[in-house]
Amino acid sequence: MREDPAISLQSLSKSFDGKEVLRNLSLEVQRGEAVVIVGGSGTGKSVTLKHIIGLLQPDVGHVVVEGQDLCCMGSVALNRFRRRFGMSFQEGALFDSMSVFENIAFPLRRQRELNEEQIRARVEECLDQVHLVGVAEKRPSELSGGMRRRVGFARAIAVRPAILLFDEPTTGLDPVISDVIAELILEMDTTLNTTTVTITHDMKVAFKIADRIAMLHRGHIIEEGTPEEFQASTNPIVQQFIEGRARGPLTE
Ligand SMILES: Nc1ncnc2c1ncn2[C@@H]1O[C@H](COP(=O)(O)OP(=O)(O)OP(=O)(O)O)[C@@H](O)[C@H]1O
Ligand SMILES: [Mg+2]
């Protein structure tokens, strides 16, 4: 018998001020799978990710995560539920009033499973994993954009969540650190069997980490498959995106 998917997006539609962003979008992510969502700017990738954690509710359709329909959850239950995710947002969303250390310790303290010594060790381990040294006592505002992004990443993985969501984890990072982050996502996926959904524009990162790549275009998934299948797609929109060409159906 096939296991329930970790995440099931069922025929989602979502409009903002009369403008339809998601149109009948369906996507399933199996447990332990690494799915990468690609697509042009403004096509609704971040909106899709926000539906998975219940920050946005669909106008039509259902979001079912680990067997639970998020539409039926109250805000208290939803808040508790959300703690099982690790998320690294496009915008960073660190607390500027707290040190880097306290930012990463925050979800661990809230979880109340580790003592102070274990928290300290875990934070150090996470900082080490994102190749950040000597910044634990600094404020996020004292760091570069790329460093803040990595702090956000360290915070996302700190609780070793069953599901990790990454919105543009490597944007603004140099190619070496981008690859470090890609390796980390891969490692989460393979050694901890985490379910990951990553949004990226970086096809190198996508091909490296994905078990499956899905392309979002005009509000729904127009292509999905293994990296090999995706690469071999005959859809001209997909081909233009992969090759990063200015001319083609995407820009007509
Ligand atoms: N809370 C909101 N209220 C109104 N409109 C919104 C809201 N969130 C997103 N949108 C609109 O939905 C569309 C898709 O936005 P989204 O952030 O999902 O794009 P994206 O695919 O993540 O783009 P990018 O690659 O630039 O990050 C945009 O037109 C955006 O203006
Ligand atoms: Mg986005």
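Residues numbered from 1 in each chain as written. Chains lettered and ligands numbered in written order. Predicted model: local features only at pLDDT ≥ 70, side-chain atom pairs only at ≥ 80, totals over all residues. Heavy atoms only, no water.

Asker: Explain the layout of surface pockets here, please?
Answerer: Leftover empty space is mapped by rolling, across the atoms, a probe with the size of a water molecule. In this model, the largest pocket occupies a volume close to 610 Å³. What lines the largest pocket is a set of 21 residues, and nearest its centre among them are Arg82, Arg83, Phe85, Met87 and Arg110. For the lining of the largest pocket, the elements supplying multiple residues, two or more each, are helix H2 (75-82), strand E6 (85-88), helix H3 (100-111) and helix H5 (145-158). With 4 residues, the top contributor of residues to the lining of the largest pocket is H3. Its residues assigned to classes, the lining of the largest pocket shows 12 nonpolar, 3 polar and 6 charged. (1 Å grid on protein atoms, 1.4 Å probe; cavity = no way out; pocket = protein on both sides within 12 Å on 5 of 7 lines; lining within 4 Å. Points joined across faces, edges and corners; volume = space filled by probe spheres on them. Helix = DSSP H or I, 4+ residues; strand = E, 2+ residues; numbered from the N terminus. Nonpolar A, V, L, I, M, F, W, Y, C, P; charged D, E, K, R; others polar.)

Asker: It is not clear to me how empty space enclosed by the protein should be interpreted in this structure. Could you clarify?
Answerer: Tallied over the entire structure, the rule returns 2 cavities of 30 Å³ or more. Taken as a whole, the second largest cavity spans an internal volume of roughly 40 Å³. Lining the second largest cavity are Val65, Glu66, Phe81, Arg84, Phe85, Ala162 and Ile163.

Asker: Quick question: what am I supposed to make of the pairing of strand E7 (residues 163-167) here?
Answerer: In regular strands, side chains alternate between the two faces of the sheet. Counting buried positions over the 5 residues of E7 gives 5, a clear majority of the element. What you see with E7 is no split at all: Ile163, Leu165 and Asp167 on one side and Leu164 and Phe166 on the other are buried throughout. Inspection of the sheet shows E6 paired to E7 by 4 bridges, in the parallel sense. Bridging from a neighbouring strand, Phe85 pairs with Ile163 of E7. With 5 bridges joining them, E7 and strand E8 (residues 195-199) adopt parallel strand pairing. If you follow Phe166 over to E8, its bridge partner there is Thr198. With helix H6 (residues 175-191) bridging E7 and the parallel E8, this β-α-β connection has right-handed handedness. (Buried < 20%, exposed > 50% of the residue type's maximum accessible area, 1.4 Å probe, protein only. Pairing = 2+ DSSP bridges. Right-handed = clockwise from strand over helix to strand, strands pointing away.)

Asker: What is the right way to read the environment of Val205 from this model?
Answerer: The topology assignment puts Val205 in helix H7 (residues 203-209). Of the residues examined, Val205 reaches a relative accessible area of 4% and is grouped as buried. Sequence spacing of Val205 and Ala182 is 23 residues, and the spatial spacing of their C-alpha atoms is 6.0 Å.

Asker: Looking at this structure, how should I read the state of the cysteines?
Answerer: By definition, a disulfide links the sulfur atoms of two cysteines through a covalent bond. Counted under the stated rule, the structure contains 0 disulfides. Cys71 forms no disulfide, and the closest cysteine sulfur to it belongs to Cys72, at a distance of 5.8 Å. (Disulfide = S-S within 2.5 Å.)

Asker: Can you walk me through the sheet that holds strand E4 (residues 60-65) in this structure?
Answerer: Hydrogen bonding along the main chain pairs the strands of a sheet, whether they run parallel or antiparallel. Pairing in this open sheet of 4 strands is antiparallel, and the strands run E2-E1-E4-E5 from one edge to the other. With one partner strand each, in any of the chains shown, strand E2 (19-29) and strand E5 (68-69) form the two edges of the open sheet. Summarising the sheet, E4 and E5 pair through 2 bridges and their orientation is antiparallel. The residue of E5 that forms the bridge with Val64 is Asp69. Running over the sheet, helix H1 (residues 45-52) touches strand E1 (7-16), E2 and E4 and is turned about 125° from E1. (Contact = heavy atoms within 4.5 Å. Axes fitted to C-alpha atoms, helices over the stretch in contact; angles between N-to-C directions.)

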